[in-house]
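Geometric and topological summary
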Amino acid sequence: FGVAWTKFPLADTLGAGQYRLAARIQVDKHHTFSVHKKVRVMRYRIPDFQIQISANRRYAKPWIPLQVQVSARYLFGKPVKGAPLRLKVRHLWLHQKSGRLTTPGSRSGVVHNVAGRTDAQGLFRTQVRLPRLKMRAQAGQDVLILQARVTAPGGGVQTASLRLPVSRTDLK
């Protein structure tokens, strides 16, 4: 078990597209280890603007509304006015053994989904009322993921997410 690295110079005129990288290591005379990875090469486009999601608390309680704000600003500081956005809130469980987030049961986990536009200050505010959640017995296993997608008037798209623990009791 270990880590290996190397430098691999790319051509200046490398075309955009999907590539397959392969690495082989000769372990001994009779054994070779190989690994493959598909990568996508595309032109990097500097984002026109950035977005942030914030909430009035650093955790969510099932019966108390959560005040959420999405802020969109151009990189030179001005607000992104009138930009359409979508805010999706998902309730997920943290799987103890794998550490992965999973949806409760067979649902998608979406508990709130709203569309809107940023105001003259580049802000969108909404109140998220959580439905009755099927929560895990142990504290710290329930998570809300807030995902925002904003489209600027020029067509650029940015996404951001915020992860909040869900608790029946106050967190310190």
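Let us look at the structure shown here. Keep in mind it's a predicted model, so treat the numbers as computed, not measured.

**Structural notes on the pairing of strand 1 (residues 17-26)**
Pairing analysis gives 10 bridges linking strand 1 to strand 2 (residues 32-41), with the strands arranged antiparallel. Of the residues in strand 2, the one forming a bridge with A23 is V35. In this structure, the hairpin formed by strand 1 and strand 2 is closed by a connection of five residues.

**Observations concerning the pattern of salt bridges**
Under the definition given, this model contains one salt bridge. A salt bridge links R125 to D119, with the nearest nitrogen and oxygen atoms 3.7 Å apart. Residue R125 is classed as exposed on the basis of its relative accessible area of 53%. Assessed through its relative accessible area of 25%, D119 is described here as partly exposed.

**Here we look at the environment of L171**
By secondary structure assignment, the location of L171 is in the segment after strand 10 (157-165). Excluding residues that lie within four positions of it along the chain, L171 makes contacts with R58, Y59 and P165.

**A closer look at the environment of R86**
Examined against the element boundaries, R86 turns out to sit in strand 5 (residues 84-94). Residue R86 is classed as partly exposed on the basis of its relative accessible area of 39%. Taking the C-alpha atoms as reference points, R86 and R149, 63 residues apart in sequence, are found 5.4 Å from one another. Discounting residues that sit within four places of it in the chain, R86 has contacts with N113, V114, A115, Q147, A148 and R149. Within polar-contact distance, the side chain of R86 engages the side chain of N113 at 2.9 Å.

**Looking at the sheet that holds strand 3 (residues 49-55)**
Strand order in this open sheet of three strands is 3-4-8, and the pairing throughout is antiparallel. In this open sheet, the two edge strands, each paired with only one partner strand, are strand 3 and strand 8 (123-128). Here the average twist between neighbouring strands, direction ignored, is 15°. The sheet contact formed by strand 3 and strand 4 (residues 66-74) spans seven bridges and is antiparallel. Residue I53 lies in a different strand from strand 4, and its bridge partner there is V70.

About the thresholds
- All residue numbers refer to positions counted from 1 along the written sequence of the respective chain.
- Whole-chain, interface and lining totals are the exception, using all residues; otherwise, since this is a predicted model, local features are given only for residues with pLDDT of at least 70 and side-chain atom pairs are given and counted only at 80 or more.
- Calculated side-chain values reflect all of the structure's heavy atoms, with hydrogen atoms and water omitted.
- Two strands qualify as a pair provided that DSSP identifies no fewer than 2 bridges between them.
- Secondary structure elements are taken from DSSP: a helix is a run of H or I of four residues or more, a strand is a run of E of two residues or more, and numbering for both begins at the N terminus.
- We define a salt bridge as a contact between a side-chain nitrogen of Lys or Arg and a carboxyl oxygen of Asp or Glu at a distance within 4 Å.
- Accessible area is worked out with a 1.4 Å probe on protein chains only. A residue is then buried under 20% of its type maximum, exposed over 50%, and partly exposed in between.
- Contact definition: two residues touch when any of their heavy atoms are within 4.5 Å.
- Two N or O atoms form a polar contact when they lie within 3.5 Å of each other; inside protein one atom must be a possible hydrogen donor and the other a possible acceptor, and for residues adjacent in sequence the pair counts only when both atoms belong to side chains.
- Think of each axis as a best-fit line through the C-alpha atoms, taken over the contacting stretch in the case of a helix, with angles from 0 to 180 degrees between the N-to-C directions.

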